[in-house]
Amino acid sequence: MTRRVLLLVFLLSCTHPLWAYIDPGTGSMLFSALSGILVAVYFFFKNLLVRIKSLPDLLIGRKDRLSAAQGRDLVIYSEGRQYWNVFAPVVEELDRRGLSAIYYTSDPQDPGLQFASATVKTALLGKGHAAFFTLNALEARVCLTTTPGLEVFHWKRSPKTRKYVHILHAPNDATLYRLFGIDYFDTVLLTGDFQAAGIRELEAKRGLPPKALVTVGCTYLDVLRARAAQLAPHQGAERTVLVSPSWGESGLLKRYGMELLGPLARSGLRVIVRPHPQ
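This text gives an overview of the structure that appears in the document. Owing to the predicted nature of the structure, the values given are computational and were not obtained by experimental measurement.

### Focus on the packing of helix α4 (residues 84-97) against helix α7 (residues 220-229)
Now for step 1: Packing of α4 against α7 brings their axes to within 7 Å, and their N-to-C directions diverge by 95°. Between α4 and α7, the angle is such that the two are roughly perpendicular. The residues of α7 that touch α4, namely those facing Asn85, Val86, Ala88 and Pro89, are Tyr220, Asp222 and Val223.
Now for step 2: Classifying every residue of the contact of α4 with α7 gives 5 nonpolar, 1 polar and 1 charged.

Below you can see the structure in the form of structure tokens.
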């Protein structure tokens, strides 16, 4: 045994270094391929973990809540209260027409839970694994949502749901949305006709089947118009500054906060701060 070890050490000590060159293009390609494999493996095991964690929900009676949506013509899913102004005109119109639907939300403070209707039911879905468990086994003709990422991460198409519809909630370029956010929906409801061209270009580049694109407008503008009609007109000659930033780490309030608002407040101007709902 000792001789074999000595022989191995001797052979290793006698080897000469090998020199190799990989051009930047090939190196970048190899790095991208390796990154793709690692990301795919990561999300495979992450999705597997979500499914495993969802099993106890089924055992403790999650079936009862799931059965409430079985056979529904339309299921609406909202992540939280910040989207109620998007769905409120839709839910109110469904109620006016006497159409059957259920409004699911993951937010216990969602005003939509207080909506009273004979045909539109509301229910608290829960968050995280509980929400995805129900959504991934949903049975409905149509599922309408503002939530992106269908078929990308945890949210998978249910074989018992015929159509998935995404409603855009901002009058901006739809291609600025998060990556693959709306790629796998059957229909996208647009806030304006101008959004269609960008979506069609992405479909062509990614080899996706064309979606149904229907322009419906920005629904929460109806809510804001009704709210504005109840406001008393402002009396005063001073100028008004509206601070209406985006959200996230790069948002204006997150990055600068009182460094910006403090001087404005001391300027004598009338300042209205309208944070993003997120």
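### Side note on the layout of surface pockets
Now for step 1: Each pocket or cavity is described by its volume, and for the largest pocket that value is around 1,300 Å³.
Now for step 2: Going through the elements one at a time, α4, α5 (129-135) and α7 are the ones with two or more residues in the lining of the largest pocket.
Now for step 3: Across the lining of the largest pocket, the residue classes break down as 22 nonpolar, 15 polar and 6 charged.
Now for step 4: Taken as a whole, the second largest pocket spans an internal volume of roughly 400 Å³.
Now for step 5: Forming the walls of the second largest pocket are 18 residues, and the residues nearest its centre are Val90, Glu93, Leu144, Leu189 and Val216.
Now for step 6: Those elements giving two or more residues to the lining of the second largest pocket turn out to be α4, β4 (140-145) and β5 (161-167).
Now for step 7: The element contributing the most residues to the lining of the second largest pocket is α4, with 5 residues.

### Things to note about the environment of Pro210
Now for step 1: As for its position among the elements, Pro210 is in the loop between α6 (195-206) and β7 (212-215).
Now for step 2: It is 9.9 Å that separates the C-alpha atoms of Pro210 and Phe185, two residues lying 25 residues apart in sequence.
Now for step 3: Look past the residues within four positions of Pro210 in its chain and what remains in contact with it is Arg200 and Glu203.

### A word on helix α9 (residues 258-265)
Now for step 1: Along α9, the positions that sit buried rather than exposed are Leu261, Gly262 and Leu264. Seen end-on, α9 carries its buried residues on one side only, within an arc spanning 165°.
Now for step 2: For α9, the elements touching its buried residues are β8 (240-243), α8 (252-255) and β9 (270-273).

### Thoughts on the sheet that holds β7
Now for step 1: With respect to topology, 7 strands assemble into an open sheet ordered β3-β2-β1-β4-β5-β6-β7, the strand pairing being parallel. With one partner strand each, in any of the chains shown, β3 (120-124) and β7 form the two edges of the open sheet. Put simply, the sheet's adjacent strands are angled 20° from each other on average, direction ignored.
Now for step 2: Where β4 lies against β5, 5 bridges are found, and the strand directions are parallel. Of the residues in β5, the one forming a bridge with Cys143 is Tyr164.
Now for step 3: Here α4 sits on the sheet in contact with β1 (72-78), β2 (101-105), β3, β4 and β5, set at roughly 160° to β1.

### Description of α4
Residues spaced three or four apart along an α-helix face the same direction, because each turn holds 3.6 residues.
Now for step 1: The first and last C-alpha atoms of α4 sit 19 Å apart over 14 residues, in line with the 20 Å expected at 1.5 Å per residue.
Now for step 2: Of all the positions in α4, only Trp84, Val86, Phe87, Ala88, Pro89, Val90, Val91 and Leu94 are classed as buried.
Now for step 3: Backbone geometry just after α4 places Gly98 at a positive phi near 70°.

### Considerations on the packing of aromatic side chains
Now for step 1: Inspection of every chain in the model, using the stated rule, returns 5 aromatic pairs.
Now for step 2: Consider the rings of Trp84 and Tyr103, whose centres lie 5.2 Å apart with planes at 70°: the pair is edge-to-face. One end of the pair, Trp84, is in helix α4; the other, Tyr103, is in strand β2, and 19 residues separate them in sequence.
Now for step 3: Judged by its relative accessible area of 0%, Tyr103 falls in the buried class.
Now for step 4: When the ring of Trp155 is compared with that of Tyr164, the centres are 6.0 Å apart and the planes differ by 75°; the resulting orientation is edge-to-face. In this pair, the class of Trp155 matches that of Tyr164, namely buried.
Now for step 5: Through a chain of ring-to-ring contacts, the aromatic side chains of Trp84, Phe87, Tyr103 and Phe115 assemble into a single cluster.

Cut-off values and rules
All residue numbers refer to position in the chain's written sequence, counted from 1. In keeping with the model being predicted, local features are shown solely for residues with a pLDDT of at least 70 and side-chain atom pairs are shown and tallied solely at 80 or more, while totals for entire chains, interfaces and linings include all residues. Side-chain measures here rest on the full set of heavy atoms in the structure, leaving out hydrogens and waters. Axis angles are defined between N-to-C directions and span 0 to 180 degrees, where every axis is a line fitted to C-alpha atoms and, for a helix, only to the segment in contact. Numbered from the N terminus, helices here are DSSP runs of H or I no shorter than four residues, and strands are runs of E no shorter than two. Relative orientations are named as follows: roughly parallel for angles under 35 degrees, roughly antiparallel for angles over 145 degrees, roughly perpendicular for angles from 65 to 115 degrees, and oblique for any other angle. When checking whether two residues touch, look at their non-hydrogen atoms; a contact exists if any pair is within 4.5 Å. As a working rule, the residues Ala, Val, Leu, Ile, Met, Phe, Trp, Tyr, Cys and Pro are called nonpolar, Asp, Glu, Lys and Arg charged, and the rest polar, with Gly in that last group. Grid points spaced at 1 Å and placed over the protein atoms alone form the basis of the search, with a cavity being a set where a 1.4 Å probe fits but cannot get out and a pocket an open set showing protein on both sides within 12 Å along at least five of seven lines. Lining residues have an atom within 4 Å of a point. Grid points are joined across faces, edges and corners, and a volume is the space filled by probe spheres set on the points. Burial classes follow relative accessibility: with a 1.4 Å probe on protein chains only, a residue under 20% of its type's maximum area counts as buried, one over 50% as exposed, and anything between as partly exposed. An arc is given here, and it is the one of the directions from the helix axis to the C-beta atoms. Pairing between strands is defined by DSSP: at least two bridges between the two strands are required. One less than the residue count of a helix, multiplied by 1.5 Å, gives the span that helix is expected to have. Centre distance within 6.5 Å is the pairing criterion for rings of Phe, Tyr and Trp, where only the six-membered ring of Trp is used; planes under 30 degrees apart are then read as stacked, over 60 as edge-to-face, and the remainder as tilted.

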